[in-house]
Amino acid sequence: MPPLRPLHLAAEIGGPPRYDPAHYTGLARLAEHGALDFVTLGDSFARPGPDALAVLSRVAPATRRIGLVPTVTTTHTEPFHVSSAVATLDWVSRGRAGWSVDVSTTGAEARLFGRRPAAPAADLWREAGEAADVGARLWDSWEDDAEIRDAATGRFVDRDKLHHVDFEGAAFSVRGPAIVPRPPQGRPVTVVDGTADPARETAARHADVVLVRATTPERTAEIRDDVHRRAAAHGRDLGTLRVLAALTVDLGDAESPPEPGLESGPPLAGHGTYYRGGPVDLADLITQWHRAGAVDGFHLTPITPERDLERIVNGTVALLQHRSLFRTFYPGGTLREHLGLARPANRYALQGEPA
Amino acid sequence: MTTAPKQLHLAAHFPGVNNTTVWADPRSRSQIEFSSFEHLARTAERGLFDFFFLAEGLRLREHNGRIHDLDVVGRPESLTVLAALAAVTDRLGLAATVNATFNEPYELARRLATLDHLSAGRAGWNVVTSSDAFTGENFRRGGYLDRADRYTRAAEFVATARGLWDSWTPDGTPRPFAHHGPHFSVEGEFTVPRSPQGHPVVIQAGDSPEGREFAASTADVVFTRHGTLDAGRAFYADVKGRLAAYGREPDDLKIMPGVGVVLGDTDAEAQERAAGIRRQQVSPQNAILALEQVWGRDLSSYDPEGPLPESDPDPASALVQGRVRVADPLAVAARWRELSRQKGLSIRQTVIEATGRQSFVGSPSTVAAELAGYVAAGAADGFVLVPHLTPGGLDDFVDLVVPLLQERGVFRTAYTGSTLRSHLGLAEPVWKG
Ligand SMILES: Cc1cc2nc3c(=O)[nH]c(=O)nc-3n(C[C@H](O)[C@H](O)[C@H](O)COP(=O)(O)O)c2cc1C
């Protein structure tokens, strides 16, 4: 049997809308206590709730190690602003930022902006791919050593290390360079839910972490293989990609007999795969799927974060740690380090090197 | 009968990207790392300031088609930094400059309302309208707007944002919102409840007659460059005089010029220090650049310690991009030549004299007296302090000048409220459901 790859764990901390920062800080600290790789906070322009990126920025100084991954939509937003905000989250968290790329397909969202009608998901995911692409270029548009503070010549930056990105896509163009210097991780971590077909190509091409929602380890492995095939076709090294199974979990009924297995719970509209049972059985399920080699880890969405996240951390995660399947501390400081992903080389710096 | 002296308001401008920051000073630290923002914000809060202020630039400046490399470049995105600062401050207002031209009202109103919740009512928004094709190259819609259209878009933008902020009832129920105007069409339900101070505070910076009118009709605070006593009084009277037409009282709008402060043990020592700072701000390279900005052509062969060019500027040129444009280059050139001739100044000395921002220079007691004097004389309601050092540039002011202002009875000795509106003495906006 090949050695097991390290297990990665992440959790969503959104639930019913809350506007009080202490609520989110408490949940993120709890997840950090369990040494989880990252927390996500879902977002949409058309349902009650605060701006997720701002919330996780507010959480950043109140936490030390945990990765912070807000949902950021690309349909009605400016890619230049989005890339600046995500890079800034990386600066304020000292290298713990990611963004979960999403699109706005509904007419309700379109009417809030009044700029364009609702569009098919496939088109919007192509556009999201462009947003991810230009974001990565803008993050590279400052070489790491562009700031020189050379008092002798009066130059603050070496302008040869700042680059126009000159991005021309189907949906927009951006000249660049970024206004924000290259963030601590080089590029914040890009997360895409690759379950649905229109999103999968964008996930395979641009994501560092791909989420997959499926009901069995076999089906999950199939989707993962498809993501890998597509990523390889784009010339990507598969070692730069993590695939996490996405599960919605309800640990509210831990006292009653456990109902392991995924088909056992009632399906929740819009939430895909759903697990209901006790924290110990969830640990067993995670162990099983991970042993089967289906995924690199799990992204868990507790249906009631205040209650279920506590059970995940103190029950499920504690057990996985006890079984030596999950780390008990953070060996590194950045989200990329938690995920075992290298800091990406700067494409422009490479170009600049003599042949 | 004596009346209590007029209270002054203080805000702190973060000394990152701008040509006043002295980055070559050995005490100068990062303009991008969070620790710098935290230090300056905590200093301002220790000094009981009304708010902390961040400027914005959406394209790196260019000169002759090449990126400007002489001043500090690179800044984080304002609202994201302020959300993080909300975690390490308790009372300080947190104000971001955000352009009305390159944003959409629904998204920005939501981000501002979120910041207001995350900070328990401390958010402020400096609405700027700068727009040009150069900056527009970073955005989907290109973004060039006529001077006149910029302010009609900004006014409709702010009105739409306020409508969204009012669309939840005070008891927390969302109600449908619809706005259809020449610039925006917004329909649906806002996702954030009414914010803890009613609405985030609206600040305006822009000096044209349209800008002043926009401020009088719309803003809670004006951030201006009119720093000298006479110019300040004229500006103050003009803008306050425009309020009545909108049914507003003079106190509904606070006027706060951006000013530098240089302190010394004695006035003479402070003067000497200020001159040294100006020499650092206007390096020989920066002097030639400032000249090229007015003259509109390559003057790199000129000696910064020599005389100004005899020939006239080319007003049509766009040599420098991404900076507020020189309004009338011919007039500016004439003024600079006159100054240089009268005082026998070199190019660099002329630029140093002609481009200085208003600064209060002197011992702590001199500076405290002058600041209070400006407010008493009707030249300002307070000041946005623009330090020249990141991030320690306010340490001395807070330690040495604030106590003197308190002794004079012109500045608070403790925060009396918790929201930015309460610091500014502004009423909560009446809910217009
Ligand atoms: C004190 C002051 C500060 C300003 N700060 C900014 C800024 O940070 N970002 C920006 O894009 N424009 C800034 N501006 C530019 C104004 O928003 C405005 O676009 C410009 O002054 C031209 O408008 P006007 O013709 O009304 O003066 C500032 C202006 C003033 C007076």
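In what follows, the structure referred to is the one given above.
Residues numbered from 1 in each chain as written. Chains lettered and ligands numbered in written order. Predicted model: local features only at pLDDT ≥ 70, side-chain atom pairs only at ≥ 80, totals over all residues. Heavy atoms only, no water.

Participant: It is not clear to me how the interface of chain B and chain A should be interpreted in this structure. Could you clarify?
Facilitator: Quite often, the size of an interface is put as the accessible area lost when its parts meet. Across the boundary between the two partners, chain B contributes 59 residues, which contact 63 residues of chain A. Together, the buried faces of chain B and chain A total about 5300 Å²; carbon and sulfur atoms form 59% of this surface. For the pair chain B and chain A, the number of links is six salt bridges. With its nearest N and O atoms 3.6 Å apart, the salt bridge here joins Asp51(A) to Arg110(B). There are 32 residue pairs in polar contact (both at pLDDT 80 or more) connecting chain B and chain A. (Contact = heavy atoms within 4.5 Å. Buried area = accessible area lost by both parts, 1.4 Å probe. Salt bridge = Lys/Arg side-chain N within 4 Å of Asp/Glu carboxyl O. Polar contact = N/O pair within 3.5 Å; in protein donor to acceptor, adjacent residues only side chain to side chain.)

Participant: Help me out: how do you make sense of the pairing of strand 9 (residues 201–204) of chain B in this one?
Facilitator: All names here are of chain B. Burial of the side chains of strand 9 extends over both faces: Val201 and Ile203 are buried on one face and Val202 and Gln204 on the other. Pairing geometry for strand 6 (residues 123–128) and strand 9, over four bridges, is parallel. Residue pairing across strands places Asn126 opposite Ile203, the latter belonging to strand 9. Across two bridges, strand 9 lies against strand 10 (residues 221–224) in parallel orientation. Bridge pairing in strand 10 places Ile203 opposite Val221. Handedness of the β-α-β unit built from strand 9, helix 6 (residues 209–218) and strand 10 comes out right-handed. (Buried < 20%, exposed > 50% of the residue type's maximum accessible area, 1.4 Å probe, protein only. Helix = DSSP H or I, 4+ residues; strand = E, 2+ residues; numbered from the N terminus. Pairing = 2+ DSSP bridges. Right-handed = clockwise from strand over helix to strand, strands pointing away.)

Participant: Just to check I follow, could you spell out the site of the ligand for this structure?
Facilitator: Residue and element names in this part refer to chain B. Around the ligand sit 16 residues, and of these Ser130, Arg147, Tyr151, Asp207 and Ser208 come closest. Contact distances for the ligand include 2.8 Å between a nitrogen atom and a backbone N or O atom of Glu56. Asp207 is positioned with one of its backbone polar atoms (N or O) 2.7 Å from an oxygen atom of the ligand. Calculation on the ligand without its partners gives an accessible area of 620 Å², and the protein chains cover 86% of this total. Tallying contributions element by element places helix 5 (residues 147–165) first for the shell around the ligand, with three residues. Across the shell around the ligand, the residue classes break down as five nonpolar, six polar and five charged. (Near = heavy atom within 4 Å. Areas by Shrake-Rupley, 256 points an atom, 1.4 Å probe, with all protein chains shown as cover. Nonpolar A, V, L, I, M, F, W, Y, C, P; charged D, E, K, R; others polar.)

Participant: Sorry if this is basic, but what is going on with unusual backbone geometry here?
Facilitator: With the exception of glycine, most residues fall at negative phi, and the peptide bonds are largely trans. Here the amide bond leading from Gly176(A) into Pro177(A) is cis, since omega sits at -5 degrees, within 30 degrees of zero. Along the chain, Pro177(A) turns up in the loop between strand 8 (173–174) and strand 9 (189–193). Omega for the bond connecting Thr390(B) with Pro391(B) falls within 30 degrees of zero, at -5 degrees, which places this linkage in the cis form. Positionally, Pro391(B) belongs in the loop between strand 14 (382–385) and helix 13 (395–407).

Participant: Is there a simple way to explain empty space enclosed by the protein in this structure?
Facilitator: It is a probe the size of a water molecule, rolled over the atoms, that shows where empty space is left. The final tally for this structure, using the stated rule, is six cavities of 30 Å³ or more. What the largest cavity holds in volume is close to 200 Å³. If you trace the largest cavity, you find 15 residues lining it, with Phe45(A), Asp51(A), Val72(A), Thr77(A) and Glu107(B) closest to the centre. Elements with a minimum of two residues in the lining of the largest cavity: strand 3 (67–73) and helix 3 (79–92) of chain A together with helix 3 (105–118) of chain B. Looking at the lining of the largest cavity residue by residue, the class counts come to five nonpolar, five polar and five charged. In terms of lining, the second largest cavity is formed by 14 residues, of which the most central are His81(A), Glu56(B), Leu58(B), Glu77(B) and Ser78(B). (1 Å grid on protein atoms, 1.4 Å probe; cavity = no way out; pocket = protein on both sides within 12 Å on 5 of 7 lines; lining within 4 Å. Points joined across faces, edges and corners; volume = space filled by probe spheres on them.)

Participant: Is there a simple way to think about the packing of aromatic side chains in this case?
Facilitator: The way to describe two aromatic rings as a pair is by their centre distance and the angle between their planes. Applying the stated criterion across every chain yields a total of 22 aromatic pairs over all chains. An angle of 70 degrees between the planes, with centres 5.4 Å apart, marks the rings of Phe80(A) and Phe139(B) as edge-to-face. Separated into two different chains, Phe80(A) in helix 3 and Phe139(B) in the loop between helix 4 (133–136) and helix 5 make up a pair that spans both. Exposure class is identical for Phe80(A) and Phe139(B). Each is buried. For the pair Trp289(A) and Phe298(A), a centre-to-centre distance of 5.9 Å together with 55 degrees between the ring planes defines the contact as tilted. Under the relative-accessibility criterion, Trp289(A) is labelled buried at 3%. Judged by relative accessible area, which is 0%, Phe298(A) ranks as buried. Chaining the aromatic ring pairs together yields one cluster made of Phe45(A), Phe113(A), Tyr106(B) and Phe190(B). In this arrangement the basic side chain of Arg59(B) is found over the ring face of Phe134(B), its NZ or CZ atom lying 3.8 Å from the centre. (Phe/Tyr/Trp six-rings, centres within 6.5 Å; stacked < 30°, edge-to-face > 60°. Lys NZ or Arg CZ within 6 Å of the ring centre and 35° of its normal.)

Participant: Help me understand the environment of Asp225(A), please; the structure alone is not making it clear to me.
Facilitator: Residues and elements named next belong to chain A. Structurally, Asp225 is set in helix 7 (residues 217–233). In this structure Asp225 comes out as partly exposed when scored by relative accessible area, which is 34%. Placed 69 residues apart in sequence, Asp225 and Ala294 show a C-alpha to C-alpha distance of 9.3 Å.

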